[in-house]
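An overview of the molecular structure
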Amino acid sequence: MTAASSSIQERRTEVERRATVYWEAGAGPDLLLLHGDAGSPLDWVTVMPRLATTHHVVALDLPGFGRTPPLDEPSPERYAAFVAAFTEVLGLRHYSLIGHSFGGMIAVYVARAAHGNVDRLVLVAPGGLGRAVNPAQILTVFPVLRRAAFAISLLPGFPVINTLLSALGTTYRPWNIPPRWYAKHLERARNPQFVGTSLAVVAHALTPFGQRYDLRPELPRLHMPTLVVWGVGDLLVPAWQAAAASLLPQGARRLLAAGHSPQLDVADDFLEAVRPFLAGDHQRT
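Residues numbered from 1 in each chain as written. Predicted model: local features only at pLDDT ≥ 70, side-chain atom pairs only at ≥ 80, totals over all residues. Heavy atoms only, no water.

**So, the overall build of the protein**
When helices and strands are tallied, the protein shows ten helices and ten strands. In terms of C-alpha radius of gyration, the protein reaches 17 Å, essentially the compact-globule figure of 19 Å for 285 residues. Principal axes of the C-alpha set define a box for the protein whose edges measure 50 × 40 × 40 Å. Every one of the 285 residues in the protein was classed for burial, and the buried ones make up 54%. (Helix = DSSP H or I, 4+ residues; strand = E, 2+ residues; numbered from the N terminus. Rg over C-alpha atoms; globule rule 2.2 N^0.38 Å. Buried < 20%, exposed > 50% of the residue type's maximum accessible area, 1.4 Å probe, protein only.)

Listed below in structure tokens is the structure:
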């Protein structure tokens, strides 16, 4: 851990009778971070210390991906209910919310149901803003192929391959990702629970024809200022889906020269877009 990130502390609490793990840093207005499928709080490791200079930042280890036990179903609605319970336990009120990929889908449901508690919302390459998706992900929809992918993923050597493919498939600049991320992702990639949850979530979110969930009808109901951030080189979910930001009553969008995970790929550019927004500088685009 670098000196800059030494203030990040791992915490535990109980949510829905689950021993729930999260990271915490900083002081100030509350800011909740939700990682995506096959992710972890480490997906925020390059930006969390700097966000913590102005905010009390909480990065949740979503159930099933790490040391928080899995949920009974892998739907974004179920995860959103868990996140809502987590915010109640921590006493988060009038907080900002950033969700990446599947975490962005969860964030939409949380913000929709939060009854004014979410003051500002950032959606980073979220699912649900269109049907198109990388066709390779659709293979997980078929149970036989999903079981085969699960078995292959745990064979000797394949966790290393999957970790490298995850970095190469979600960033332009995998060398910008800290070594700690690689080490911890590899550790999780060897865990059957992590692999199974990751496959179950993507399989549930897709059909043979693309994304199952279309959240665009929900966007006009999100009345808080909302920023959509997308990497133009996203190989998993096409960046043109960021056009859905026009459906938001107080929406803005920023396209970055990055892949699916701009917070890891181009941390400085990501923060340049997000920090002024969180501070109240909001211009519709």
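Okay, back to it.
**What to know about the pairing of strand β5 (residues 95–100)**
Across the six residues of β5, six count as buried, placing the element largely inside the fold. Neither face of β5 is open: one carries Tyr95, Leu97 and Gly99, the other Ser96, Ile98 and His100, and all of them are buried. Pairing of strand β3 (residues 30–34) with β5, which is carried by four bridges, proceeds in the parallel orientation. Opposite Leu33, over in β5, you have Ile98 as the bridge partner. Direction of pairing for β5 relative to strand β6 (residues 118–124): parallel, over a ladder of six bridges. Of the residues in β6, the one forming a bridge with Ile98 is Val122. (Pairing = 2+ DSSP bridges.)

**So, the nonpolar core**
One finds Leu32, Leu34, Leu60, Leu97, Ile106 and Leu121 to be the most contacted residues of the largest nonpolar core, which totals 47 residues. Those elements that place two or more of their residues in this core are β3, β4 (56–60), α2 (76–90), β5, α3 (102–113), β6, α8 (192–205) and β9 (226–231). Setting aside anything within four residues of it in sequence, one finds Leu60 in contact with Thr20, Val21, Tyr22, Leu32, Leu33, Leu34, His35, Pro41, Phe82, Val83 and Phe86. Grouped together as the second largest cluster of nonpolar side chains are 33 residues, Leu51, Val124, Trp181 and Leu264 included. (Core = buried A, V, L, I, M, F, W, Y, C linked by side-chain atoms within 4.5 Å. Contact = heavy atoms within 4.5 Å.)

**Points about the environment of Tyr172**
Tracing the backbone through its elements, the reader meets Tyr172 in the loop between α6 (158–170) and α7 (179–189). Along the sequence, Tyr172 and Ile8 sit 164 residues apart, while their C-alpha atoms lie 27 Å from each other. Tyr172 has contacts with Val232, Gly233, Ala257, Ala258, Gly259 and Asp265, leaving out every residue within four places of it along the chain. Within the structure, the side chain of Tyr172 is placed 3.4 Å from the backbone nitrogen of Gly233, a separation counted as a polar contact. (Polar contact = N/O pair within 3.5 Å; in protein donor to acceptor, adjacent residues only side chain to side chain.)

**Details of the pairing of strand β1 (residues 9–15)**
Bridge count for β1 against strand β2 (residues 18–25) is seven bridges, and the pairing is antiparallel. Along β2, the bridge assignment pairs Arg12 with Val21.

**A few points about the packing of α2 against α3**
One way to put it is that α2 packs onto α3 with a least axis distance of 8 Å and a crossing angle of 65°. By the angle between their axes, α2 is roughly perpendicular relative to α3. Regarding α2 and α3, the two cross each other, and that crossing is right-handed. Residues Pro76, Glu77, Tyr79, Ala80 and Val83 of α2 form the contact with α3, whose own contacting residues are Phe102, Met105, Ile106, Tyr109 and Val110. Classifying every residue of the contact of α2 with α3 gives nine nonpolar, no polar and one charged. (Axes fitted to C-alpha atoms, helices over the stretch in contact; angles between N-to-C directions. Parallel < 35°, antiparallel > 145°, perpendicular 65-115°, else oblique. Left-handed = near helix turned anticlockwise from the far one by under 90°. Nonpolar A, V, L, I, M, F, W, Y, C, P; charged D, E, K, R; others polar.)

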